[in-house]
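Descriptive analysis of the structure
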Amino acid sequence: MKYFNHPLLRILPLGIFILLVGCLPFSSRSQESSCNCDHTIAIDNGYNWDGSAVKPGETVCLQSGVRTSPLVIKNIKGTAEQPIVIQNCDGVFMIKQASDKSFGLKVQGSSYFRLTGSGAGKEQYGIKIEGGNIGVQMIGLSTNFELDHMEVSKVGFAGIMAKTDPTCAPETWRDNFTMEDVRIHDNYVHETGTGEGFYIGNSFYAGGMKKDCGKVYPHKIVNLKLYNNLVEDTGAEGIQVGCAVRGCEIYGNKVFRAGVNPFNGRKSQQNGIQIGEGTGGRCYNNLVVDASANAIIVLGLGDNVLYNNILVRPAGAGIFIDERPPSTVLGKGSGFRVINNTIIEPGKHGIWIYAELVQQNDILNNIIAAPRSGKFITFEGCPGVPVINASNNLKVYDPAQVKFVGYQKGDFRLSKASPALGKGKSVHHYGVETDFYNHRISTQAIDVGAIQYTE
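Overview of the structure. (Residues numbered from 1 in each chain as written. Predicted model: local features only at pLDDT ≥ 70, side-chain atom pairs only at ≥ 80, totals over all residues. Heavy atoms only, no water.)

1. Description of the pattern of salt bridges
One pass over the structure, following the stated rule, counts 11 salt bridges. One salt bridge connects Arg114 with Glu146, and the closest N-O pair in it is separated by 3.8 Å. On the criterion of sequence distance, the pair formed by Arg114 in strand β7 (residues 111-116) and Glu146 in strand β10 (residues 143-148) is long-range, its members being 32 residues apart. You can call Arg114 buried: its relative accessible area is 8%. Here Arg440 and Glu433 are joined by a salt bridge, their closest N and O atoms 3.5 Å apart. Arg440 gets classed as exposed once you look at its relative accessible area, which sits at 63%. One network of salt bridges, with partners in common, ties together Arg114, Glu146 and Asp148. (Salt bridge = Lys/Arg side-chain N within 4 Å of Asp/Glu carboxyl O. Helix = DSSP H or I, 4+ residues; strand = E, 2+ residues; numbered from the N terminus. Buried < 20%, exposed > 50% of the residue type's maximum accessible area, 1.4 Å probe, protein only.)

Shown next as structure tokens:
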């Protein structure tokens, strides 16, 4: 966790929500403990724990201690008004095993629940998963859930995965199931083997997947919020989201050194954040440092808005956009909006965009400093097609020209002498009301870049 001393992390609000509950570890049924446990999963519980008997609004406690085998929790069924809470209690619940095991903690066939490591105890991450091919997995048509305050590390493939891949069972098909209202926040994922830190949603929205019964299409995700997570040293992408067609927000995450060991030895899928096929919505206030490819790659629906991100030293582009699927499924008037980002020393172009099928793309108020290709904004499309509006961007060949408060120390606030001050264009009509630190943006003096100047 060496980057916890990074200046940006010291001054960023973490936005951590602490649920003040505790737990009596050995009771299977007790209302008298500090945790208000209704059920407890013992540390030596077997492979499966069936939650069919758990009632909406009840609390399931994970007994503190270390287990060396995976755990499946299934058939948890809360309601929107009374979700079921699954939490650690009186200390850390940990699964520690070899990385070649298939998974660490799996929840399947469940809905309206919260899996949280914020139970009683002093640890920030009260649930720890170390080892297994996939650390934490939400499958089996699970939906309407919240995952928070967990640490996942040293897995063989991916850290936290949430999706039900389509099979020949009709209930898994897109028209028959939608994952809804998912919150994933305040988790720490690091040292994934060859896969992603967060793998949310299927990767094949447009083309589907071939099965014995023919081609089948993965489910959609509606109202996904993925925020305030810390990600370090992932094999593939730090964060990958697919099929999140509506209400998707990816924000406040910090991603360091993504894509250091991608699966199958491929020189791809090494990006900091991937907004995958079928994903729309907003990506903002994220910090991405030293990604092995692009800091942010967008293959989305064409209604994507990216703003207030700070992207430092990616080996590829700061932001790379390639529209998928084709315009036949894009909404009328759709386009990509790239607004008020700060991009520092990208290995290739600052902003690289292939998107001639949408009506218009807006690239406004971005700081782009020292792209190694020498190209600040590159548009690959049909010549003469008026689909890009780029203005009020600050382009410099040396980051020192921006006059940050402390560039060498990783402090990208603007000094009073910065040429970015007051040179921005109004973007309030895009819904951009605050900056990277959630400071309110003035309607009169708008600065360029992710951080507004403050005295």
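2. Quick notes on the state of the cysteines
All chains considered together, the criterion is met by two disulfides. Sulfur-sulfur distance for the disulfide between Cys168 and Cys213 comes to 2.2 Å. Classification of the bridge connecting Cys168 and Cys213 rests on its S-S torsion, roughly -100°, and on that basis the disulfide is left-handed. Within this pair, whereas Cys168 is found in the loop between β12 (160-162) and β13 (178-185), its partner Cys213 is found in the loop between β16 (209-211) and β17 (214-216), the two being separated by 45 residues in sequence. Since its relative accessible area comes to 35%, Cys168 is described here as partly exposed. Distance from the sulfur of Cys35, which forms no disulfide, to the nearest cysteine sulfur (Cys61) is 3.7 Å. Taking the relative accessible area as the measure of exposure, Cys35 reaches 1% and is therefore buried. (Disulfide = S-S within 2.5 Å.)

3. Description of the packing of aromatic side chains
Summed over the entire model, instances satisfying the criterion amount to 15 aromatic pairs. Between the aromatic rings of Phe436 and Tyr437, the centroid separation amounts to 5.2 Å while the plane-to-plane angle is 80°, which identifies the pairing as edge-to-face. Per residue, the accessibility class of Phe436 equals that of Tyr437, and both read buried. Lying across the ring of Tyr199, Lys163 places its NZ or CZ 4.7 Å from the centre. Across the ring face of Tyr205, the terminal group of Arg174 is positioned such that the distance to the ring centre comes to 4.0 Å. (Phe/Tyr/Trp six-rings, centres within 6.5 Å; stacked < 30°, edge-to-face > 60°. Lys NZ or Arg CZ within 6 Å of the ring centre and 35° of its normal.)

4. Digging into the nonpolar core
The nonpolar side chains of soluble globular proteins are, as a tendency, buried together. Grouped together as the largest cluster of nonpolar side chains are 68 residues, with contacts concentrated most on Ile73 and Leu115. If you tally residues by element for this core, the top one is strand β5 (residues 84-96), at four residues. Apart from the residues within four sequence positions on either side, Ile73 is in contact with Ile41, Trp49, Leu62, Ile86, Leu105, Lys106, Val107, Gln108 and Ser110. (Core = buried A, V, L, I, M, F, W, Y, C linked by side-chain atoms within 4.5 Å. Contact = heavy atoms within 4.5 Å.)

5. What to know about the environment of Thr143
Here Thr143 shows up in strand β10. Under the relative-accessibility criterion, Thr143 is labelled buried at 10%. Separated by 78 residues in the primary sequence, Thr143 and Ile221 have C-alpha atoms spaced 9.2 Å apart.

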